Amino acid sequence: MRPGKMCGMAVVVALAATACGGAADGGTGTDAAGRGAGGFPVKAADCKGAETTFTAAPRKIVTSNASALEMLLRLGAGDRVIGTGFPPGKGTLPGKLDAQARKVPVLGKAVIAKEKLLGSGADLYVDTFSSMQNMGGSGSAPTEDEFRAAGIKHVYLASTACASMAKEPQRDLSGVEGDITRLGAVTGTAGRARELVAGMRAKVAAVHKAVGDIPEAKRPGYFFFDFDAGTKQPMAVCGKQVANAVIHQAGARNVFAGCDGDFKPVSWEDVVAKDPDWIQLGVRNRGDAAATAKAYDQAEAFLKSFPATKGLRAVKDGKFLRIGSERTTIAGVGNAEAVEQIAHTIHPAEFRAGR
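Our subject in this report is the structure included herewith. Each chain has its residues counted from 1, following the order in which its sequence is written. Reporting in this predicted model follows two pLDDT cut-offs: at least 70 for local features of residues, and 80 or more for side-chain atom pairs to be given and counted; totals over whole chains, interfaces and linings ignore these cut-offs and use all residues. To obtain the side-chain values, all non-hydrogen atoms of the structure were included, while hydrogens and water were left out.

Here, a salt bridge means any Lys or Arg side-chain nitrogen found within 4 Å of an Asp or Glu carboxyl oxygen. A complete count under the given rule lists 18 salt bridges for this structure. In this structure, the salt-bridge partner of glutamate 337 is arginine 327, at a minimum N-O distance of 4.0 Å. One end of the pair, glutamate 337, is in helix H14 (residues 334–346); the other, arginine 327, is in helix H13 (residues 325–329), and 10 residues separate them in sequence. Helix numbering and strand numbering both begin at the N terminus, where a helix is a DSSP run of H or I of at least 4 residues and a strand a DSSP run of E of at least 2.

In structure tokens:
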């Protein structure tokens, strides 16, 4: 499937003024630095279609987690972020982005407490989740009336917050592109958003040229093993999760693409029945290269020693991929890089042949 085919989902649940898949600048008319060109008002819709109107770019932004924070940093709006929840681990982001991320105040190591969020002084909250309670938050999430009373406009990353409500699975990165485009429009950095989206599309297009015509039935089965979610019961990434798009665009077949929603607990018997050709060791960055490498080693060692999995084809053949969970399951520019890495690993011949 070519990039942009998930456009319907993005339009229905996420967009108002911005173009599907990030092809346009959202009508803002801003330059790459987001200065002086105007273009407001800009409208952005939530998962149910309710619109929020921006008459000017926000000055104080709080992000729900590392995904939204990274997007704003890459857009050049990081100096306006006054706090975040679920902060990125040290070293998760490359170079200067990591240094910038370290300077952002952490309002919550997980979900930001309701009172702290409402009292943050923000004029925009970028939300990656459809429900704080589903992300382990304590107490109730702020209502839209409470957000308005605090002077905080509330927008979502549709590719994650609205994913479980979508009618169709995510099979390309247009939802992520739409999020980047929309944030660019809202923050007055539309030019930079176009650059980021163009870079993602170039990477995915090169992969698509090599492996995009492989029929679904002939694609290798692929299991994302979320080691950090625990080993007692595996957590599958389903068709509506961003990871499904990453896996599909890389020329693989997510063995749990058929489960409804974005994530779903499954049994080890289910994994054995799928008998995947490749297994990604989903490990979050530990903030230290040695610690992260150790976690990958532990994930692989578990699969090799656990009675239910040691006989799997991928385990016996040592077909493991060590790609961070963040670039696979969290929306961002890194999704395109994960597509490249997966594709080059599982389809080396296609790239050597220059297809």
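Here we come to the sheet that holds strand E13 (residues 320–321). Spatially, E10-E8-E12-E13 is the arrangement adopted by the 4 strands of the open sheet, whose pairing is parallel. Looking at which strands have only one partner, the edges of the open sheet turn out to be strand E10 (253–254) and E13. DSSP calls a pair of strands paired once it identifies at least 2 bridges connecting them. Inspection of the sheet shows strand E8 (residues 221–226) paired to E10 by 2 bridges, in the parallel sense. Counted as the bridge partner of glycine 221 is arginine 253 from E10. Note on contacts: a residue pair qualifies if any of its non-hydrogen atoms lie within 4.5 Å across the two residues. All axes are obtained by fitting lines to C-alpha atoms, using only the stretch in contact for helices, and the reported angles, taken between N-to-C directions, cover 0 to 180 degrees. Along the sheet, helix H11 (residues 289–305) makes contact with E8, strand E12 (278–282) and E13, crossing E12 at roughly 135°.

Only a pair of cysteine sulfur atoms within 2.5 Å counts as a disulfide in this structure description. Tallied over the entire structure, the rule returns 2 disulfides. Here cysteine 47 pairs with cysteine 162 through a disulfide, and the sulfurs are 2.0 Å apart. For the disulfide bridge between cysteine 47 and cysteine 162, the dihedral angle about the S-S bond is near -80°, and by the sign convention the bridge is left-handed. Pair noted here: cysteine 47 is in the loop between strand E1 (42–45) and strand E2 (51–54) and cysteine 162 is in the loop between helix H6 (158–161) and helix H7 (174–187), with a separation of 115 residues, a long-range link. The side chain of cysteine 238 participates in a disulfide bridge whose partner is cysteine 259; the two sulfur atoms lie 1.9 Å from each other. Between cysteine 238 and cysteine 259, the S-S torsion sits near -105°, and that sign places the bridge as left-handed.

A separate point is the pairing of E12. Remark: exposure states derive from per-residue accessible area (1.4 Å probe, protein chains only) relative to the maximum for the residue type, with buried under 20%, exposed over 50%, and partly exposed in between. For E12, the buried fraction is high: 5 of the 5 residues fall into the buried class. Both faces of E12 are covered, namely the face carrying Trp278, Gln280 and Gly282 and the face carrying Ile279 and Leu281. In terms of strand pairing, E8 meets E12 through 5 bridges, oriented parallel. Among the inter-strand pairings, phenylalanine 224 is bridged to a residue of E12, identified as glutamine 280. Here E12 runs beside E13; their pairing, made up of 2 bridges, is parallel. Across the sheet, the residue bridging to isoleucine 279 is phenylalanine 320, located in E13.

Here the focus is the nonpolar core. Ranked by internal contacts, the top residues of the largest apolar core, which has 53 residues, are Val126, Leu173, Ile180 and Ile342. Elements with a minimum of two residues in this core: E1, helix H2 (66–75), helix H3 (95–103), strand E6 (124–127), H7, helix H8 (190–211), helix H9 (242–249) and H14. Sort the elements by how many residues they give to this core and H8 lands first, with 8 residues. Sequence-distant contacts of isoleucine 180, that is, excluding residues within four places in its chain, are made with Met71, Leu75, Ala193, Leu196, Val197, Met200 and Val333. The next biggest cluster of nonpolar side chains, apart from the first, holds 23 residues, and it includes Ala236, Cys238, Val255 and Ala295. Remark: nonpolar core denotes a set of buried residues (Ala, Val, Leu, Ile, Met, Phe, Trp, Tyr, Cys) joined through side-chain atoms within 4.5 Å.

Here we take up the packing of aromatic side chains. Each Phe, Tyr or Trp ring, with Trp reduced to its six-membered ring, pairs with another whose centre is within 6.5 Å; inter-plane angles below 30 degrees give stacked pairs, above 60 give edge-to-face pairs, and intermediate values give tilted ones. Taken as a whole, this structure holds 10 aromatic pairs when the rule is applied. Look at tyrosine 125 and phenylalanine 147: their rings are 5.8 Å apart centre to centre, the planes differ by 20°, and that puts the pair in the stacked class. Note that tyrosine 125 is positioned in strand E6 and phenylalanine 147 in helix H5 (residues 144–149), a separation of 22 residues in sequence. Classification of tyrosine 125 by relative accessible area gives buried; the value is 1%. For the ring pair phenylalanine 302 and phenylalanine 306, a centre distance of 4.8 Å and an interplane angle of 20° mean the geometry is stacked. Through a chain of ring-to-ring contacts, three or more aromatic side chains come together here, namely Phe223, Phe225, Phe227, Phe256, Trp268, Phe302 and Phe306. Our definition puts a charge over a ring when NZ of Lys or CZ of Arg is within 6 Å of the ring centre and also within 35 degrees of the ring normal. Seen from the ring of phenylalanine 54, lysine 153 lies directly overhead, with NZ or CZ sitting 5.0 Å from the centre.

As a further point, take the packing of H2 against H7. At their nearest, the axes of H2 and H7 sit 10 Å apart, and the two run at 60° to each other. In terms of their interaxial angle, H2 and H7 are classed as oblique. For the element pair H2 and H7, the recorded crossing hand is right-handed. Along its contact with H2, which presents Met71, Leu72 and Leu75, the element H7 presents Val176, Asp179, Ile180, Leu183, Gly184 and Thr187. The nonpolar class holds Ala, Val, Leu, Ile, Met, Phe, Trp, Tyr, Cys and Pro. Asp, Glu, Lys and Arg form the charged class, and all remaining residues, Gly among them, are polar. Tallied by class, the residues present in the contact of H2 with H7 amount to 6 nonpolar, 2 polar and 1 charged. Should an angle fall under 35 degrees it is called roughly parallel, over 145 degrees roughly antiparallel, and 65 to 115 degrees roughly perpendicular, with every other angle called oblique. Left-handed describes a crossing whose near helix is turned anticlockwise from the far helix through less than a right angle; right-handed describes the clockwise counterpart.

Here the focus is the environment of methionine 200. By the secondary structure assignment, methionine 200 is in helix H8. On the accessibility criterion, methionine 200 (1% relative accessible area) is buried.

Our next topic: the sheet that holds strand E3 (residues 61–63). As summarised here, the arrangement of the 5 strands in space is E5-E4-E3-E6-E7, forming an open sheet in which the pairing is parallel. Sheet topology places strand E5 (106–108) and strand E7 (153–156) at the edges, where each strand pairs with a single neighbour. If you compare each strand with its neighbour and ignore which way they point, the axes differ by 25° on average. For E3 and E6, the ladder comprises 3 bridges, and the chain directions are parallel.

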